[in-house]
Amino acid sequence: MKNQYVLGISAFYHDSAACLLRDGEIVAAVSEERLTRKKGDPDFPRRAVDYCLGVAGIDVSDVSAVGFYDKPLLKFERILETYLGVVPRGFRSFLMAGPLWIKDKLYIDKQLKTALGYKGEILYSEHHESHAASAFFPSPFAEAAILTMDGVGEWATASIGAGRGNDIEILEELHWPDSIGLLYSAFTYYTGFKVNSGEYKVMGLAPYGEPKYVDLILRELMDLREDGSFRLNQKYFNYLTGLTMTNGNFNELFGGPPRMPESLLTQKEMDLARSVQEVCEEIMLRMARTAHKKTGAENLCMAGGVALNCVGNGRLLREGPFKNLWIQPAAGDAGGALGVAQLIHYRHLGNARVVVPGRDSMKGAYLGPAFTVDEIEAFLTATGAAYRRLEEPTLLDSVAQLLAEEKIVGWFDGRMEFGPRALGARSILGDPRSPRMQAQMNIKIKFREGFRPFAPSVLRERVADYFELDGDSPYMLLVAPVQEHRRVPLTAAQHELWGIDKLNVPRSDIPAVTHIDYSARIQTVSRDTSPRYYDLIKAFERRTGCGVVVNTSFNVRGEPIVCTPGDAYRCFMRTNIDALVLGPFLLEKNAQPEWKEDLEWQKEFQLD
Ligand SMILES: [Fe+2]
């Protein structure tokens with residue numbers, strides 16, 4: 001029998017992506033940015049589509065259906081009505097958004113068909129429906145409540161839904177301009193970080209601050225209701241009408257203009273971060289309670305950019321009404337490509353959904369490009385890199401030894417992850433026991449702010465030894481406290497230290513992955529989904545007794561996560577990473593030839 005293929009696409013906003021299903025199985029999924037090397041690339045995902053079709057060995061004419069992750073006309077309607085409703089204040093932002101929308105987004109159907117060379121009909125789902133589908137269908141649950149939260153799609157900014165068998169139903173929506181994502185982004189902007197990517201930094205900064213502004217936010221900026229819905233007081237925001245997120249009233253309320261990007265962080269930004277984080281958690285908790293009331297379900301699935309708020313997710317799991325929580329690893333808009341494809345497969349094509357209890361269908365999120373041993377070796381030979389091919393046990397043991405010597409190792413293995421987190425396929429690793437590791441990795445490797453925490457990858461069976469969590473967190477989307485007995489209390493003198501200085505005081509016996517408030521953003525690693533990564537941590541455990549490694553994404557600040565051996569080697573050579581593993585090959589920095597930019601091989605080995 002012929003296979004049934006469905007292609008999902010998300011594009012033209014930020015983080016374009018493509019995903020291919022074969023008879024419902026997720027065959028491939030990748031963000032365009034990883035292939036073009038343009039961070040958050042919003043263009044039509046040409047390379048991502050070609051990659052997905054290539055994995056299946058098919059042509060676009062073999063595809064049964066193509067889906068797009070939102071409805072451009074509805075989105076245009078929102079922009080237009082916003083504009084009409086607030087003339088003349090809206091004029092500026094409309095002029096900025098207008099031509100682009102009209103040219104690219106209204107004629108999207110034609111554009112997609114032409115770009116794809118596809119003759120069939122293209123199907124559209126609503127933005128939050130795509131998020132909801134990406135949250136429920138790959139989950140390990142036959143039935144679940146669904147919560148989606150982001151900045152904005154067409155009109156919806158959050159939704160509550162229910163998933164059962166092979167369908168989902170949206171029960172409630174919160175609409176623009178009342179948006180938890182935009183509220184968070186407003187504070188991201190005000191504290192001097194980049195909207196759409198700096199939200200993670202605000203979350204990381206929050207534990208250094210006090211929740212001083214919570215009352216002010218709840219009193220002045222919003223009207224938060226018991227059910228989690230709210231209205232934002234537009235008097236303080238500028239995203240409806242202007243090019244910035246906040247306005248003069250906002251500045252007045254919080255005592256000054258926004259922090260200039262890259263300028264020194266002060267206690268005020270930390271207190272603001274902590275405050276908006278707490279408000280965000282409160283909204284998440286209330287929405288989750290409402291979802292529970294409406295569905296009676298014991299499982300919750302989540303997606304949408306706000307579902308990347310792993311501190312909030314951790315609280316939901318601990319304090320919320322649900323027994324089980326599953327979060328789509330590609331929770332942002334890239335995941336919409338996967339959501340719309342699955343919605344088509346189940347709802348439109350009417351296929352049955354088979355759930356394996358306790359196991360999701362994301363394949364560990366390892367859904368992107370992989371490279372054969374021959375391809376890697378051809379690359380290494382062409383670059384003149386110094387490398388050794390090692391037998392597996394020797395390789396793992398050598399890496400474990402390097403880590404134990406406080407060396408930093410680039411780890412490149414198998415298919416690249418789909419979604420923003422590195423999960424042991426494109427990761428930089430370190431020893432979590434080292435008190436110097438956090439500062440070293442931030443400054444010498446990632447070239448980023450020193451306050452940012454690192455995440456632990458822990459052997460699944462040992463997670464409760466280290467953390468107050470006794471369950472799966474395969475996608476690094478849950479934050480939980482480090483176990484009490486591993487913590488090191490602060491002395492009175494250390495308590496007096498100012499914000500970031502506290503960072504240099506070890507907080508536990510795994511200080512490199514213990515945040516200032518004793519929390520950690522956990523990835524549990526199981527042998528069935530991540531066999532080689534698991535074996536590596538096991539080798540490190542055999543050598544040191546420690547079942548945890550530091551795992552951070554393989555890239556530098558401002559760059560997408562590496563995809564190819566060439567990307568990895570370049571990142572390795574440009575930073576202070578000490579050793580690099582590419583499949584079965586081990587490369588040590590001090591053995592490499594001198595690094596020169598723009599060599600011939602860099603052109604030859606670019607993906608196109
Ligand atoms: Fe979204």
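Now for a description of the structure that goes with this document. (Residues numbered from 1 in each chain as written. Predicted model: local features only at pLDDT ≥ 70, side-chain atom pairs only at ≥ 80, totals over all residues. Heavy atoms only, no water.)

Turning next to the packing of helix α7 (residues 180-190) against helix α11 (residues 267-295). Direction vectors running N to C along α7 and α11 enclose 175°, while the axes themselves pass 10 Å from each other. If you check the angle between α7 and α11, you find them roughly antiparallel. Contacts from Ile 180, Leu 183, Tyr 184, Phe 187 and Tyr 190 of α7 reach α11 at Lys 268, Leu 272, Val 276, Gln 277, Val 279, Cys 280, Ile 283 and Met 284. Taken together, the residues of the contact of α7 with α11 break down into eleven nonpolar, one polar and one charged. (Axes fitted to C-alpha atoms, helices over the stretch in contact; angles between N-to-C directions. Helix = DSSP H or I, 4+ residues; strand = E, 2+ residues; numbered from the N terminus. Parallel < 35°, antiparallel > 145°, perpendicular 65-115°, else oblique. Contact = heavy atoms within 4.5 Å. Nonpolar A, V, L, I, M, F, W, Y, C, P; charged D, E, K, R; others polar.)

Taken together, five strands build an open sheet; the order of strands is β3-β2-β1-β4-β5 and the sheet is mixed. Lying at the two open borders of the sheet, with one neighbouring strand each, are β3 (25-31) and β5 (122-124). The mean angle between the axes of side-by-side strands here comes to 20°, regardless of whether they run parallel or antiparallel. On the sheet, helix α2 (residues 46-56) packs against β1 (5-10), β2 (17-22) and β3 and is oriented at approximately 20° with respect to β2. The strands that helix α5 (residues 108-116) touches are β1, β4 (65-68) and β5; relative to β5, the one it contacts most, it runs at about 135°. (Pairing = 2+ DSSP bridges.)

Take the coordination of the iron ion next. Protein-derived ligands of the iron ion are His 127 (NE2), His 131 (NE2), Asp 150 (OD) and Asp 333 (OD), with the metal-ligand distances lying across 2.1 to 2.2 Å. Of note is the iron ion, whose four donor atoms meet at the metal with angles of 90 to 170° in an arrangement that counts as irregular. As a motif over one chain, the donors of the iron ion read H-x3-H-x18-D-x182-D. Taken together, the residues span a long stretch of sequence, with His 127 in helix α6 (residues 127-136) and Asp 333 in the loop between β12 (324-327) and α13 (335-348) at a distance of 206 residues. (Donors = N, O, S within 2.8 Å, 3.2 Å for Na, K, Ca; no water. Tetrahedral: all angles 85-135°; square planar, octahedral: opposite > 155°, others 65-115°.)

With that out of the way, let us pick up the packing of aromatic side chains. Applying the stated criterion across every chain yields a total of 19 aromatic pairs. Judged by centre distance (5.0 Å) and plane angle (65°), the ring pair of Tyr 190 and Phe 250 falls under edge-to-face. Pair noted here: Tyr 190 is in helix α7 and Phe 250 is in helix α10 (residues 248-253), with a separation of 60 residues, a long-range link. Just as Tyr 190 is buried, Phe 250 falls in that class too. Aromatic pair Tyr 213 and Phe 254: ring centres 5.6 Å apart, planes at 65°, arrangement edge-to-face. Here Tyr 213, found in the loop between α8 (199-205) and α9 (214-221), pairs with Phe 254, found in the loop between α10 and α11; they are 41 residues apart in sequence, far enough to count as distant. Residue classification places Tyr 213 among the buried positions, given a relative accessible area of 17%. Owing to a relative accessible area of 3%, Phe 254 belongs among the buried residues under this scheme. These aromatic residues form a ring-pair network of at least three members: Phe 187, Tyr 190, Tyr 213, Phe 237, Phe 250 and Phe 254. (Phe/Tyr/Trp six-rings, centres within 6.5 Å; stacked < 30°, edge-to-face > 60°. Buried < 20%, exposed > 50% of the residue type's maximum accessible area, 1.4 Å probe, protein only.)

Packing of α6 against α13 brings their axes to within 7 Å, and their N-to-C directions diverge by 80°. Relative to α13, the element α6 lies roughly perpendicular. Where α6 approaches α13, its residues Glu 129, Ser 130, Ala 133 and Ser 134 are matched on the opposing element by Gly 335, Gly 336, Leu 338, Gly 339, Val 340, Gln 342, Leu 343 and Arg 347. When grouped by side-chain class, the residues that make up the contact of α6 with α13 number four nonpolar, six polar and two charged.

Under the counting rule described, the total for this entry stands at 35 salt bridges. The residue Lys 323 makes a salt bridge to Glu 298 at a minimum N-O spacing of 3.7 Å. Within this pair, whereas Lys 323 is found in the loop between α12 (310-319) and β12, its partner Glu 298 is found in the loop between α11 and β11 (299-303), the two being separated by 25 residues in sequence. Assessed through its relative accessible area of 60%, Lys 323 is described here as exposed. Its salt-bridge partner being Arg 543, residue Asp 397 comes within 3.0 Å of it at the nearest N-O pair. (Salt bridge = Lys/Arg side-chain N within 4 Å of Asp/Glu carboxyl O.)

The next point concerns the state of the cysteines. The full count for this structure, using the stated rule, is zero disulfides. You can see Cys 280 has no disulfide; the closest cysteine sulfur is in Cys 310, sitting 11 Å from it. By relative accessible area, Cys 280 is classed as buried at 2%. (Disulfide = S-S within 2.5 Å.)

We now examine the nonpolar core. Within the largest apolar cluster, 200 residues are counted, with the highest numbers of intra-cluster contacts made by Ile 9, Leu 116, Leu 183 and Phe 254. Per-element tally for this core: the top contributor is α11, with twelve residues. If sequence neighbours within four positions are ignored, Leu 183 has contacts with Leu 221, Met 222, Leu 232, Phe 237, Val 276, Val 279 and Ile 283. (Core = buried A, V, L, I, M, F, W, Y, C linked by side-chain atoms within 4.5 Å.)

Each neighbour pair has its own omega, and for Trp 176 with Pro 177 the value is 0°, a cis peptide bond. A positive phi angle, near 60°, is found at Asp 15, a position not held by glycine. If you trace the backbone, Asp 15 turns up in the loop between β1 and β2. We classify Asp 15 as partly exposed; its relative accessible area is 22%. Even without being glycine, Lys 363 reaches a positive phi, approximately 55°. Topologically, Lys 363 is positioned in the loop between α13 and α14 (373-383). Since its relative accessible area comes to 33%, Lys 363 is described here as partly exposed.

Everything listed here is a matter of geometry and, on its own, says nothing about what the molecule does.
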